[in-house]
There are 2 protein chains.
Amino acid sequence: METSKKRSDCPLSGSLDVFGDKWSLLIVRDLMFGNKCTYNDFLKSDEGIATNILASRLKGLEENGIVEKSAHPDSKAKFLYRLTPKGIDLLPVIMEIYIWSDKHYEMPPDLKATIREAKKDKEKFTKQVTKELKMRMVDK
Amino acid sequence: METSKKRSDCPLSGSLDVFGDKWSLLIVRDLMFGNKCTYNDFLKSDEGIATNILASRLKGLEENGIVEKSAHPDSKAKFLYRLTPKGIDLLPVIMEIYIWSDKHYEMPPDLKATIREAKKDKEKFTKQVTKELKMRMVDK
DNA sequence: TATATTTGCTTGCATTTTGCAAGTGCAAAT
DNA sequence: ATTTGCACTTGCAAAATGCAAGCAAATATA
C-alpha cells in the first residue's frame, strides 16, 4: 500500500492533507447537517461538485477514516455513506468556521440564528449534535 | 475588479473559497505561532511551499483581508506581513483542527502538551493568544 | 417480460493549478 | 564595485479539476 508522504510533522499540515481542499468538508457538512447519505445526494448539493471529483473525495475521506461506505437498506443499487466517529469529531472545526464566517460575512438569516444559538453554548451544542450523529451511526 | 463568484450561499463553502487549500492556513499558522512575518520566513517553513504558490497565496490572503502587507521597519528590501483582526479570528478554527489532530494522530510531544493545555480552557487560551497577536499588530 | 430509468460510478479530454528551476530588479552588505 | 539578500516573476512539465459522455448493475415501468 502506497502511503502518501507527510509534508511535515505539523498536525495542521497533516490535517490539511486530509481535508484541505474546496470539497471534502462540504461532503462532511452534507452528512452532518444536510441529511444526505448517498452519492446522488452529494451530487445534488448547491455547489455542484463534478462527479469524478466527488468519487475521488469520497474515496479519500474513506481512506482517511472520515466516512464509511456500506450497503443501503433500501436498495442494492445504492450505497450508504456515513460519518465515522473521527468524521463526527470534525464538528467543532466546522462550527468554528461557521462562527468565523458569521463574524465576517453575510449569511442566510435562519443559518445565522442557528449559529448564534450554537455559539452561546458551544459545548452543549457539540454534545447534542454529536449524540444525534452517533445515534444515526447505529441505525440500520 | 473581477469578483470571483460564490459557489453557493453556504458560509462554509464561502470560507473554503478563502482558505480551503493546502497552504493558506499554514501561512496563517506561521504568522500566529511561528514568529514569521516575511516572505522568506514563510518560504523556509518545513512544508516547503513553492515560491510562486507562496506569492499567490499571500495575494489571496491579502485580498480577502486575512493578512496585511506593510513596509518592514528594518529594511526597504523587506516587507512585513501581519494578520488582520479577521485573520486573528481564525485562531479558534486552527485550534480545533489541532485538537482534532491530537485526538486522531500522533504528534510532537511538546506540541501535544500545548494543545492539551489549551483544550482545558479554550476561551482563556483564545483570549490570551488573541491579545498577544493584537499587541503585535500595533508594534512598529 | 421487455424497456426505460436510476444509481454509482469511470473515462476522455480540455482547462486550470501546482511544483520546480531559473531569472529579475532593487536594497543592502562587504 | 561586487556580491548577497529579498521579494518576487516567468517558463514549463506534471498533476488536479471540471465538464460531458459512457457504462454496468439494479430497480421501476409498460
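Thresholds, definitions, all that
Residues numbered from 1 in each chain as written. Chains lettered and ligands numbered in written order. Predicted model: local features only at pLDDT ≥ 70, side-chain atom pairs only at ≥ 80, totals over all residues. Heavy atoms only, no water. Near = heavy atom within 4 Å. Polar contact = N/O pair within 3.5 Å; in protein donor to acceptor, adjacent residues only side chain to side chain. Nonpolar A, V, L, I, M, F, W, Y, C, P; charged D, E, K, R; others polar. Least-squares fit on C-alpha atoms with pLDDT ≥ 70 in both. Contact = heavy atoms within 4.5 Å. Buried area = accessible area lost by both parts, 1.4 Å probe. Salt bridge = Lys/Arg side-chain N within 4 Å of Asp/Glu carboxyl O. Helix = DSSP H or I, 4+ residues; strand = E, 2+ residues; numbered from the N terminus. Phe/Tyr/Trp six-rings, centres within 6.5 Å; stacked < 30°, edge-to-face > 60°. Lys NZ or Arg CZ within 6 Å of the ring centre and 35° of its normal.

Description of the protein's contact with DNA strand D
Part 1 of the reasoning: The environment of DNA strand D is made up of 19 residues, and the closest members are Asn52(A), Arg57(A), Lys76(A), Lys69(B) and Tyr81(B).
Part 2 of the reasoning: Within the backbone of Asn40(B), an N or O atom sits 3.0 Å from a phosphate oxygen of DNA strand D.
Part 3 of the reasoning: Within the side chain of Tyr81(B), a nitrogen or oxygen atom sits 2.4 Å from a phosphate oxygen of DNA strand D.
Part 4 of the reasoning: Grouping the constituent residues of the surface near DNA strand D by class yields eight nonpolar, seven polar and four charged.

Things to note about the protein's contact with DNA strand C
Part 1 of the reasoning: In the neighbourhood of DNA strand C, 19 residues make up the surrounding shell, with Lys69(A), Tyr81(A), Asn52(B), Arg57(B) and Lys76(B) lying closest.
Part 2 of the reasoning: Take the atoms of DNA strand C that sit within 4 Å of the protein: sugar and phosphate atoms are 64% of them.
Part 3 of the reasoning: Here a sugar or linking oxygen of DNA strand C sits 3.4 Å away from a polar atom, N or O, in the main chain of Ala77(A).
Part 4 of the reasoning: A distance of 3.0 Å is found between a phosphate oxygen of DNA strand C and a side-chain nitrogen or oxygen belonging to Trp23(B).

A closer look at the relation of the copies chain B and chain A
Part 1 of the reasoning: In the superposition of chain B on chain A (RMSD 0.0 Å, axial shift 0.0 Å), the rotation amounts to 180°. Taken together, the rotation angle and the small translation identify this as a two-fold axis. Taking the C-alpha atom as reference, chain B places Asp21(B) closest to the rotation axis, 2.3 Å from it.
Part 2 of the reasoning: A high fraction, 100%, of the interface residues of chain B reappear at the interface in chain A, so the copies pair face to face through one surface.

Section: the interface of chain B and chain A
Part 1 of the reasoning: Each side of the interface is counted separately: chain B has 40 residues, and chain A has 40 residues.
Part 2 of the reasoning: Roughly 3,600 Å² of surface becomes buried between chain B and chain A when both sides are summed, with 67% attributable to carbon and sulfur atoms.
Part 3 of the reasoning: Along the contact surface separating chain B from chain A lie two salt bridges.
Part 4 of the reasoning: Across the pair Asp89(B) and Lys103(A) runs a salt bridge whose closest N-O atoms are separated by 3.4 Å.
Part 5 of the reasoning: Where chain B touches chain A, the interface holds 20 residue pairs in polar contact (both at pLDDT 80 or more).
Part 6 of the reasoning: Elements that contribute at least two residues to the side of chain B that touches chain A include exactly helix H1 (11–19), helix H2 (24–33) and helix H6 (91–104) of chain B.
Part 7 of the reasoning: Residue composition of the side of chain B that touches chain A, by class: 21 nonpolar, seven polar and 12 charged.

Let's talk about the packing of aromatic side chains
Part 1 of the reasoning: A full pass over the atoms with the stated rule returns eight aromatic pairs over all chains.
Part 2 of the reasoning: Note on Phe33(B) and Tyr98(B): the rings are 6.3 Å apart at their centroids and 75° apart in plane angle, and the pair reads as edge-to-face. Within this pair, whereas Phe33(B) is found in helix H2, its partner Tyr98(B) is found in helix H6, the two being separated by 65 residues in sequence.
Part 3 of the reasoning: Aromatic ring contacts, followed pair by pair, group Phe19(A), Trp100(B) and Tyr105(B) into a single cluster.
Part 4 of the reasoning: Lying over the aromatic face of Trp23(A), Arg7(B) brings its terminal NZ or CZ to 4.6 Å of the ring centre.

Let's talk about the side chain of Asp21(B)
Part 1 of the reasoning: Structurally, Asp21(B) is set in the loop between H1 and H2.
Part 2 of the reasoning: Looking at Asp21(B), its side chain comes within polar contact range of the side chain of Arg57(B), at 3.2 Å.

Just geometry here; none of it tells us what the structure is for.
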